[in-house]
Amino acid sequence: MTQEEYRAAISRLQPSREAVDRLLAIPEEQPKRRRPIRLGSLIAAAIFVVLLLGGTVYAASHWFRMSAEPTLTERPHKEVDGPTQPTDPPKPQVGIEIEDAGSGNYVGFTLDGFSIPGADTRGTNSMQSWLDYHGLAQNAALPGKAEGAYQRYYAAAPDGELLCVEVLDRTGIGYRSYFTRYETELVREGTLNGLETVWLRIVEPGLGDTWHLFCRDAALGCALVVSSSRDFARCEEVAEHLALVDTGVPIRRSDTKTVFGLGRVELPEGLRYWENVPLAVELLNAASADPGQDLTALWRSQILSRKDGSNLSISVRGERFDYTKSQSATLLKTGELNGHAARWYRNVNYTDPSLTTQGPPSTILVIWYEELGCEVEIWASQEETELHPGELEEIAAKLEPVPVVLTEEAPVEFHGLAQG
């Protein structure tokens, strides 16, 4: 192999130009020996040394990448009044990137013959419901075995054990990159149940050691994570029962992703804004198609409050959602607001973890902006149509969603055992 070919090959690792030149100079610096040392062997060993010194660990197939101390801009932490001040979280330690296979279909999985007796599985998503929520399956039944497939399986056992299996989402721009804040160790890599697998141990506050298998099926072009609070043996047991299911639904591909923000408006008397995270802070470390766009006066969500303790929340999303799919929601009426399609719902609030005790009903107003492809939701903690007639409509009439086009999404903190 020529030096030019080696230079091209190791460029995938993204070392500095100086490191590349140093690697290529190594063979010339070796003392003469009776048995000539192959250039390839020296380069391979030198690459490994550079990766170790540079804090980067690559899986053998290059689909899984870790980098030490990723360069991320941290969110500012607002101080509060009183003796208790918020504690800044530790800085990110490790970055994780998953290679995106590009086009393909949405993939789910089954766990034939595996279960944890008595476990609470309320954090589980079926593949059918997940596709329906995102408007991808047009409510059609999935073929064959896909009808019983999961997009995410979550189990909390009576003894405190946590388990999560989740197919990583690569819609839009592709896989999100991740980072961790705590001690993270790549233990080994190999093959498990026909899947390329990386074994990762992470120490998390409140959980201690947690164990994670990052798995990829090259043929289906999908990746998933099996996470356990117990040990690697539990992760491996689950992986052995796991079978991937191709839904046949094509993945939507795009070089960009559009998110939306809302400016603050003048509120009706008796309402005030709570502090919330501005959109500019939410999008730290993301790349915008228009870097000069002013995001400082935009919010993805806003919380409004009253002196009586009730509140409203306003949020915007780039998709439609029908609350009648929830057993606790009823469609009250449909209509128009300022030329936009609107829907009013009455939703039952549950105050008991067993989901049997009802609290006061809430009201949800949803407005669809066809020309922008986004939906604004105002959720009231009380039955606003009864207590404050016309208030939601007054607020909605002033809202103007603003699109923000991203060419790269911000990395997200990896929490493999988070319920939501």
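Each remark here, short or long, concerns the structure printed above.
Cut-offs and rules
- Residues numbered from 1 in each chain as written.
- Predicted model: local features only at pLDDT ≥ 70, side-chain atom pairs only at ≥ 80, totals over all residues.
- Heavy atoms only, no water.
- Salt bridge = Lys/Arg side-chain N within 4 Å of Asp/Glu carboxyl O.
- Helix = DSSP H or I, 4+ residues; strand = E, 2+ residues; numbered from the N terminus.
- Buried < 20%, exposed > 50% of the residue type's maximum accessible area, 1.4 Å probe, protein only.
- Pairing = 2+ DSSP bridges.
- 1 Å grid on protein atoms, 1.4 Å probe; cavity = no way out; pocket = protein on both sides within 12 Å on 5 of 7 lines; lining within 4 Å.
- Points joined across faces, edges and corners; volume = space filled by probe spheres on them.
- Nonpolar A, V, L, I, M, F, W, Y, C, P; charged D, E, K, R; others polar.
- Polar contact = N/O pair within 3.5 Å; in protein donor to acceptor, adjacent residues only side chain to side chain.
- Contact = heavy atoms within 4.5 Å.

Chemist: Hey, could you go over the pattern of salt bridges for me, with residue numbers and the actual values?
Modeler: Inspection of the entire model under this criterion finds 23 salt bridges. Across the pair Lys257 and Glu409 runs a salt bridge whose closest N-O atoms are separated by 3.2 Å. With Lys257 in strand 14 (residues 257–261) and Glu409 in the loop between strand 23 (402–408) and strand 24 (412–413), this pair connects stretches of sequence that are 152 residues apart. For Lys257, a relative accessible area of 33% gives the class partly exposed. The exposure class of Glu409 is buried, given its relative accessible area of 13%. Arg300 is the salt-bridge partner of Glu282, the closest N and O atoms lying 3.6 Å from each other. On the criterion of sequence distance, the pair formed by Glu282 in helix 6 (residues 279–282) and Arg300 in the loop between strand 16 (287–288) and strand 17 (301–305) is long-range, its members being 18 residues apart. Classification of Glu282 as partly exposed rests on a relative accessible area of 24%. The structure contains a network of salt bridges with shared partners spanning Glu161, Arg230, Arg234 and Glu237.

Chemist: Which residues make up the sheet that holds strand 15 (residues 272–273), and what are the values?
Modeler: One open sheet holds the seven strands; their spatial order is 15-17-18-22-21-20-19, and the pairing between them is antiparallel. Looking at which strands have only one partner, the edges of the open sheet turn out to be strand 15 and strand 19 (329–337). Across eight bridges, the pairing between strand 19 and strand 20 (residues 340–347) is antiparallel. When the sheet's bridge partners are listed, Leu331 is paired in strand 20 with Tyr345.

Chemist: Residue-level account of the pairing of strand 18 (residues 311–317), with values.
Modeler: Where strand 17 meets strand 18, five bridges bridge the pair, whose relative direction is antiparallel. From the neighbouring strand, Ser305 faces strand 18, where its bridge partner is Asn311. Where strand 18 and strand 22 (residues 374–380) come together, six bridges link them in antiparallel fashion. The residue of strand 22 that forms the bridge with Ile314 is Ile378.

Chemist: Describe the sheet that holds strand 14, naming the residues involved and giving the relevant values.
Modeler: Judged by pairing direction, the sheet is antiparallel, and its three strands sit side by side in the order 14-23-16 without closing on themselves. On the outer flanks of this sheet lie strand 14 and strand 16, each paired with one strand and no other.

Chemist: Outline empty space enclosed by the protein, listing residues and values.
Modeler: Using the criterion set out here, one finds one cavity of 30 Å³ or more in the structure. Space inside the largest cavity adds up to approximately 110 Å³. Elements supplying a minimum of two residues to the lining of the largest cavity: strand 4 (105–111) and helix 4 (127–133). No other element matches strand 4, which puts three residues into the lining of the largest cavity. Split by residue class, the lining of the largest cavity holds eight nonpolar, two polar and two charged.

Chemist: Explain the pairing of strand 7 (residues 162–167) residue by residue, including any values.
Modeler: Buried residues dominate strand 7, accounting for five of its six residues. Bridge count for strand 6 (residues 150–156) against strand 7 is five bridges, and the pairing is antiparallel. Bridged to Ala155 within strand 7 is Leu163. Linking strand 6 back to strand 7 in an antiparallel pair, the connection comprises five residues, with Gly160 at a positive phi of about 100°.

Chemist: Explain the side chain of Arg181 to me, and be specific about the residues and the numbers.
Modeler: The residue Arg181 is located in the loop between strand 8 (178–180) and strand 9 (184–192) in this model. On the accessibility criterion, Arg181 (11% relative accessible area) is buried. A distance of 2.7 Å separates a polar side-chain atom of Arg181 from the backbone oxygen of Pro90. A distance of 3.0 Å separates the side chain of Arg181 from the side chain of Glu413, its partner in a polar contact. Sequence-distant contacts of Arg181, that is, excluding residues within four places in its chain, are made with Glu74, Pro89, Pro90, Lys91, Pro92, Gln93 and Glu413.

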